[in-house]
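The residues making up each chain are set out below.
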Amino acid sequence: MQISSRFTIAIHMLTCMETFKEEYKITSDFLASSINVNPVIIRRILSQLKDAGLIEVKRGTGGAAIIQPPEKITFLDVYRAVECIEENTLFHFHENPNPDCPVGRNIHNILDDKLIRVQEAMERELKSITLADVMDDLEKILGGGKQ
């Protein structure tokens, strides 16, 4: 199992929006050039981030911008915006375990609470990291000047 690349692409996009907000108009083409993906993928994620209330997108050549302070945007906010996962459904069970097998008959009941605990732990950790943390790390790497 793997979380899709939409999450890391979205973090990359938000980091670019914040980093270059004073220098460039943040368009899907601009973001696509940094991330090196098709602008269609960027537009889809922009739409998801907008629907989640994290950014605004001005039609035409207006560009995109973050509408919340980076300290308030958590990885969990981004994860929930771009991943199509409902509450407590990170792990998906195989559909038809054998009811005649003692393991197959009971595996769902045995794992449910454990998997919920794992998902809750992951979400707690995602909630503890913000876009500001990413910006701080970028600033340390760049040493104050964009490279």
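Criteria and thresholds
Residues numbered from 1 in each chain as written. Predicted model: local features only at pLDDT ≥ 70, side-chain atom pairs only at ≥ 80, totals over all residues. Heavy atoms only, no water. Axes fitted to C-alpha atoms, helices over the stretch in contact; angles between N-to-C directions. Helix = DSSP H or I, 4+ residues; strand = E, 2+ residues; numbered from the N terminus. Parallel < 35°, antiparallel > 145°, perpendicular 65-115°, else oblique. Contact = heavy atoms within 4.5 Å. Nonpolar A, V, L, I, M, F, W, Y, C, P; charged D, E, K, R; others polar. Phe/Tyr/Trp six-rings, centres within 6.5 Å; stacked < 30°, edge-to-face > 60°. Buried < 20%, exposed > 50% of the residue type's maximum accessible area, 1.4 Å probe, protein only. Core = buried A, V, L, I, M, F, W, Y, C linked by side-chain atoms within 4.5 Å. Patch = residues over 30% accessible without salt bridge, like charges linked within 9 Å, V, L, I, M, F, W, Y side chains within 5 Å. Areas by Shrake-Rupley, 256 points an atom, 1.4 Å probe, with all protein chains shown as cover. Salt bridge = Lys/Arg side-chain N within 4 Å of Asp/Glu carboxyl O. Lys, Arg positive; Asp, Glu negative; His and termini not counted. Charge placed at Lys NZ, Arg CZ, Asp CG, Glu CD. Expected span 1.5 Å × (residues − 1). Arc of directions from axis to C-beta.

Taken N-terminus to C-terminus, the directions of helix α4 (residues 75-82) and helix α5 (residues 102-127) make an angle of 120 degrees; their axes are 6 Å apart at the nearest point. Classified by the angle their axes make, α4 and α5 are oblique. Touching Phe75, Leu76, Tyr79 and Arg80 of α4 are Met122, Glu123, Leu126 and Lys127, all from α5. Here the contact of α4 with α5 is composed, by residue class, of five nonpolar, no polar and three charged.

By convention here, two paired aromatic rings are described through the distance between centres and the angle between planes. Considering all chains together, one arrives at five aromatic pairs under this definition. Site record: aromatic cluster; members linked through ring pairs are Phe7, Phe75 and Tyr79.

With that settled, the discussion passes to the environment of Val82. Mapped onto the elements, Val82 comes out in helix α4. The class for Val82 is buried, based on a relative accessible area of 0%. Through-space distance from the C-alpha of Val82 to that of Gly63 is 19 Å; in sequence the pair is 19 residues apart. Those residues in contact with Val82 that lie beyond four places of it in its chain are Arg6, Phe7, Ala10, Ile45, Gln48 and Leu49.

Glancing now at the nonpolar core. Within the largest apolar cluster, 33 residues are counted, with the highest numbers of intra-cluster contacts made by Met13, Leu14, Met17, Leu31, Leu49 and Val78. Where this core is concerned, the elements lending two or more residues are α1 (6-20), α2 (28-35), α3 (39-51), β2 (63-66), α4 and α6 (131-142). Non-local contacts of Val78, meaning those with residues more than four positions away in its chain, are made with Phe7, Ala10, Ile11, Leu14, Leu49, Leu54 and Ile73.

With phi around 65 degrees, Asn36 is a residue other than glycine that occupies positive phi space. By the element assignment, Asn36 lies in the loop between α2 and α3.

In this section: a negative patch on the surface. A surface patch of negative charge is lined by Glu71, Asp133, Asp136, Asp137 and Glu139. Here Glu71 is to be found in the loop between β2 and α4. Take Glu71: its relative accessible area is 52%, and that puts it in the exposed class.

Turning our attention to α6. Between its first and last C-alpha, α6 extends 16 Å over 12 residues, near the 16 Å set by a 1.5 Å rise per residue. For α6, the set of buried residues is Leu131, Ala132, Val134, Met135 and Leu142. One side of α6 carries all its buried residues, which in axial view fall inside an arc of 155 degrees. Exposed residues on α6 whose side chains face more than 90 degrees from its buried face are Lys140 and Ile141. Its buried side turned inward, α6 meets α1, β2 and α4. Note on α6: the residue one or two positions beyond its end, Gly143, has a positive phi of about 65 degrees.

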